[in-house]
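# Survey of secondary and tertiary structure
So the chains spell out like this:
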Amino acid sequence: MGELMDIKNLFNNSVGAVIGIDTDREIIHIYTRKTGNKNSISHAMYNYKAKPFTSDFYEKLGAILAQYRQDNPKQNIQKASVVVSDIAVLTDTINIPVINKKAMDNSLTASINNLYGNSSELKFNRVYISQAKQIASYAISAMKKEMLVNLQKACGDQQINVTNVTFASSAATNAAISYNTKLKNASFVILDIKEEFSKVIFVVKGKTLGFYFLPFGYKILYKTRISPEDLLFDH
């Protein structure tokens, strides 16, 4: 999970835990807090080895959650938010003609079906982002329904109710907005830099539009020389 992600924003009065699934590094993060105290967050990390979102993965996720509950019987994790890696999410933008609301909703649904075929396998979120002349633009994001069901089952088997699921870039956007409330309805770009890679997150009117990975991070920075640009990124 990105260091920029503000875990506090994923808690509310009923949610007592955040489960972060980092499929890139094969780490499960579990964040918990005391009821009503946002400053009492604790963090546990568990390594695993499994292909993302396979039966083996869900089995190991369940085992990790069971181990955590055994090791921390007093922690409140009956209700949890889940943050998945960006690889688990589809993002796109769709433009449709401006007409009445019902017709626009139908047109957007038809466009999604035309683009993604059997979209019944996906759970879509759609957000209106802008309008230019007679064209309206929507940002969409989607996750596989099967993945969402299996995540809920793996957690439910350990008496954990999943209240919501989001992805790392969206959580990073919410973190940026929490640090600077002027960004709530703004359009901007986040550059999230790690040691080995970087991620560009595109935000329109406070909503995560998409993300793009760069195969280099701050490790390429040297005090005495400049890294050759043509060796950093073949694009």
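Remember, it's a predicted structure, so these values are computed and weren't measured experimentally.

### Things to note about the packing of aromatic side chains
- Under the definition given, this model contains 10 aromatic pairs.
- When the centroid spacing of 5.1 Å and the interplanar angle of 65° are considered together, the rings of F53 and F57 count as edge-to-face.
- Between the aromatic rings of F167 and F211, the centroid separation amounts to 6.2 Å while the plane-to-plane angle is 50°, which identifies the pairing as tilted. A residue pair is termed long-range when its members are at least 10 positions apart, and F167 in strand 8 (residues 161–167) and F211 in strand 11 (residues 207–214) qualify at 44 residues. Exposure class is identical for F167 and F211. Each is buried.

### As for the pattern of salt bridges
- In the structure shown here, the tally under the stated rule is eight salt bridges.
- Residue D56 is joined to K60 by a salt bridge in which the shortest nitrogen-to-oxygen separation is 3.6 Å. Of this pair, D56 and K60 both sit in helix 1 (residues 55–71), four residues apart, which is roughly one turn of that helix.
- With its nearest N and O atoms 3.2 Å apart, the salt bridge here joins D105 to K101. Here D105 and its partner K101 are both found in helix 2 (residues 101–116), four residues apart, which amounts to about one turn of the helix.
- When its relative accessible area of 28% is taken as the criterion, D105 is described as partly exposed.

### Side note on the sheet that holds strand 6 (residues 122–132)
- One open sheet accounts for three strands, arranged 5-7-6; its pairing is antiparallel. Of all the strands in the sheet, the pair left with one neighbour each is strand 5 (90–97) and strand 6. On average, each strand axis in the sheet is tilted by 25° relative to the strand beside it, whichever way the strands run.
- Where strand 5 lies against strand 7 (residues 135–144), eight bridges are found, and the strand directions are antiparallel.

### Observations regarding the sheet that holds strand 9 (residues 188–193)
- Reading across from one edge, 9-10-11 is the order of the three strands in this open sheet, with antiparallel pairing throughout. Each end of this open sheet is capped by a strand with a single partner; those strands are strand 9 and strand 11. The mean angle between the axes of side-by-side strands here comes to 20°, regardless of whether they run parallel or antiparallel.

### Quick notes on the nonpolar core
- Among the nonpolar cores identified, the biggest contains 31 residues, and I19, I21, I28, L61, V84 and L151 are the most heavily contacted of them.
- Top contributing element to this core by residue count: helix 1, with six residues.
- Ignoring any residue separated from it by four or fewer positions in sequence, one finds L151 in contact with I21, Y58, L61, V82, V84 and V162.
- Membership of the second largest hydrophobic core comes to 11 residues, among which are I96, L108, F124 and A142.

### Let's talk about the confidence of the model for the protein chain
- For the protein chain, per-residue confidence averages 87 on the pLDDT scale, and 91% of positions sit at 70 or higher.
- Confidence drops under a pLDDT of 50 for residues 1–7, and excluding neighbours within four residues, the segment shows 29 contacts in the predicted structure.

### A short note on the side chain of K199
- Take K199: it is sitting in strand 10 (residues 198–204).
- Taking relative accessible area as the criterion, K199 reaches 8% and is therefore assigned buried.
- In this structure the side chain of K199 is engaged in a polar contact, spanning 3.3 Å, whose partner is the side chain of S169.
- Discounting residues that sit within four places of it in the chain, K199 has contacts with D86, A168, S169, I190, L191, D192, F211, Y212 and F213.

### Comments concerning helix 4 (residues 168–179)
- The end-to-end C-alpha separation of helix 4 is 17 Å, in line with the 16 Å expected for 12 residues at 1.5 Å each.
- With nine of its 12 residues buried, helix 4 lies for the most part within the structure.
- Inspection of helix 4 places A168, S169, S170, A171, A172, T173, A175, A176 and I177 among the buried residues, and these make up the whole buried set.
- Elements that come into contact with the buried residues of helix 4 comprise strand 4 (79–84), strand 8, strand 9, strand 10 and strand 11.

### Examining the packing of helix 1 against helix 3 (residues 145–156)
- Packing of helix 1 against helix 3 leaves a shortest axis separation of 9 Å and a crossing angle of 30°. For the element pair helix 1 / helix 3, the angle class is roughly parallel. Considering how the two elements wind past one another, helix 1 and helix 3 form a crossing that is right-handed. Between helix 1 and helix 3, the contacting residues are Y58, L61, G62 and L65 on the first element and M147, N150, L151, A154 and C155 on the second.
- Its residues assigned to classes, the contact of helix 1 with helix 3 comprises seven nonpolar, two polar and no charged.

What counts, and where the lines are drawn
Along each chain, numbering runs from 1 in the same order as the chain's sequence is written. Side-chain atom pairs in this predicted model are given and counted only at pLDDT of 80 or more, local residue features only at pLDDT of at least 70, and totals for whole chains, interfaces and linings cover all residues. The side-chain numbers reported here are obtained from all heavy atoms of the structure, hydrogens and water having been left aside. Pairing of aromatic side chains requires ring centres within 6.5 Å, counting the rings of Phe and Tyr and the six-membered ring of Trp. Pairs whose planes differ by under 30 degrees are stacked, by over 60 edge-to-face, and all others tilted. A run of DSSP states H or I qualifies as a helix once it reaches four residues; a run of E qualifies as a strand once it reaches two. Both are numbered from the N-terminal end. Here's how the labels work: a residue is buried when its accessible area is under 20% of the maximum for its type, exposed when over 50%, partly exposed in between, all with a 1.4 Å probe on protein chains only. The rule for a salt bridge is simple: a side-chain nitrogen of Lys or Arg has to be within 4 Å of a carboxyl oxygen of Asp or Glu. At least two DSSP bridges between two strands are needed for those strands to be called paired. Interaxial angle, 0 to 180 degrees, is taken between N-to-C directions of lines fitted to C-alpha atoms, where a helix line uses only the stretch in contact. Among buried residues, those of type Ala, Val, Leu, Ile, Met, Phe, Trp, Tyr and Cys that are joined through side-chain atoms within 4.5 Å constitute a nonpolar core. In this description, contact between two residues means that some pair of their heavy atoms is separated by no more than 4.5 Å. As a per-residue measure, pLDDT tells how confident the predictor is, with possible values from 0 to 100. For this analysis, a polar contact is any N or O atom pair within 3.5 Å, provided that within protein one partner can donate a hydrogen and the other can accept it, and provided that sequence-adjacent residues contribute only side-chain to side-chain pairs. To estimate how far a helix should extend, the number of its residues minus one is multiplied by 1.5 Å. Roughly parallel means an angle under 35 degrees; roughly antiparallel means over 145; roughly perpendicular covers 65 to 115; every other angle is labelled oblique. Here a crossing is taken to be left-handed if its near helix is turned anticlockwise relative to the far helix by less than a right angle, and right-handed if that turn runs clockwise. Just so you know the grouping, Ala, Val, Leu, Ile, Met, Phe, Trp, Tyr, Cys and Pro go in nonpolar, Asp, Glu, Lys and Arg go in charged, and all remaining residues, Gly too, go in polar.

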